[in-house]
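# Residue-level structure breakdown
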Amino acid sequence: MGAFSQGGDWQEAAWRGGITGGFTGYLSAGTYYDNPINTAKDVGSDLAAGNLANTAGHLGMQQIYGKLQQKMADGVGLNSDELNWLLMAGSIAGNEVAGDRFHLKDEEFDHTAMTGTTGFFSREDMPVIGGFFDLNDSALGYQDLPDATVREQLMRGGIGLPIAGGHSLGTITQSYLARHGLVESAYLESVPFGIMAPPNTEVRLGQGDIINGFGAGKLFNWHGEIVPTELFQHSREFYKPFRPKVGEQ
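Just so it is clear, the structure is predicted and the values come from calculations on it, not from any experiment.

Definitions and limits used
- Residues numbered from 1 in each chain as written.
- Predicted model: local features only at pLDDT ≥ 70, side-chain atom pairs only at ≥ 80, totals over all residues.
- Heavy atoms only, no water.
- Pairing = 2+ DSSP bridges.
- Helix = DSSP H or I, 4+ residues; strand = E, 2+ residues; numbered from the N terminus.
- Contact = heavy atoms within 4.5 Å.
- Axes fitted to C-alpha atoms, helices over the stretch in contact; angles between N-to-C directions.
- Buried < 20%, exposed > 50% of the residue type's maximum accessible area, 1.4 Å probe, protein only.
- Polar contact = N/O pair within 3.5 Å; in protein donor to acceptor, adjacent residues only side chain to side chain.
- Salt bridge = Lys/Arg side-chain N within 4 Å of Asp/Glu carboxyl O.

### Regarding the sheet that holds strand β2 (residues 116–117)
- Sheet architecture is open: six strands sit in the order β1-β2-β3-β4-β5-β6, paired in mixed fashion. Every other strand in the sheet has two partners, leaving β1 (102–103) and β6 (225–227) as the edge strands with one partner each.
- Summarising the sheet, β2 and strand β3 (residues 164–167) pair through two bridges and their orientation is parallel. From the neighbouring strand, Thr-117 faces β3, where its bridge partner is Gly-166.
- Sitting on the sheet, helix α7 (residues 169–179) touches β2, β3, β4 (186–189) and β5 (201–206), and the angle it makes with β3 is about 140 degrees.

Put into structure tokens, the structure is as follows:
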């Protein structure tokens, strides 16, 4: 009986791993299973550069978000894997229904070669309905999992772009890409509170921006710069005065 049970456990782990691997492989455009190798390389390079605290902090936050996700899953009668399958399926559906958040030729991203990812209510087809899917992508991003906009950037922009920009939820997308070596660097505005951007990013946090926790956003992004936005100013236009001039990046 014990051997049968162990065999059943192995089989369940195998098919669950297969489903998870299918989703993460698709959303990361086939790059997901190279990411642990990249992460190991990052730890070595971070140690050499004195940035190990960032990697350690990120991994620590992943433990916290993992436990929160498990509680959410328990609350709806699912296990952690099953909830993430729904989230990843929802991300794919969101891009199909409402459009994506990746921009390849956007003048607002002129400081990052016209390339970047945007935040809530910015999807090209149905931005308002897209807000539901934006929540979905946020839940994936806080767990350092790829979403459908990650795939969109990798498929349309390619792997290893020299730089890309991100605002709000879009900074979570770019943080994932930058941390795993899928974009060389990123310029981020209004990183949501609790997200630790990797060392190969340039971060701007609005003093009056509630999304990045006002000035407290610096607790998670020590290398970031607080810029003097007014209270509750969050949209991209309020960060424009603090961007590097084209050619300075």
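### Let's talk about the pairing of β5
- Of all six residues making up β5, five are buried, and the element is well covered by its neighbours.
- Relative to β5, β4 runs parallel, the two sharing four bridges. Paired with Tyr-187 across the two strands is Glu-202, which belongs to β5.
- Looking at chain direction, β5 and β6 are connected through three bridges and run parallel. In the sheet register, Leu-205 faces β6, and the bridge partner there is Ile-226.

### Side note on helix α6 (residues 148–156)
- Taken as a whole, α6 has its buried residues at Ala-148, Thr-149, Val-150, Gln-153 and Leu-154.
- Measuring from the side-chain oxygen of the N-cap residue of α6 to the backbone nitrogen of Thr-149 gives 2.9 Å; that N-cap residue is Asp-147.
- Of the residues one or two after α6, Gly-158 is the one with positive phi, at around 95 degrees.

### Details of the pattern of salt bridges
- For the structure shown, the criterion picks out 14 salt bridges.
- For Arg-16, the salt bridge is made with Glu-82, and the minimal N-O distance between the two is 3.1 Å. Here the residue Arg-16 occupies a position in helix α1 (residues 2–27), and Glu-82 occupies one in helix α4 (residues 80–98), the gap between them amounting to 66 residues.
- Here Arg-16 falls in the buried class, since its relative accessible area comes to 11%.

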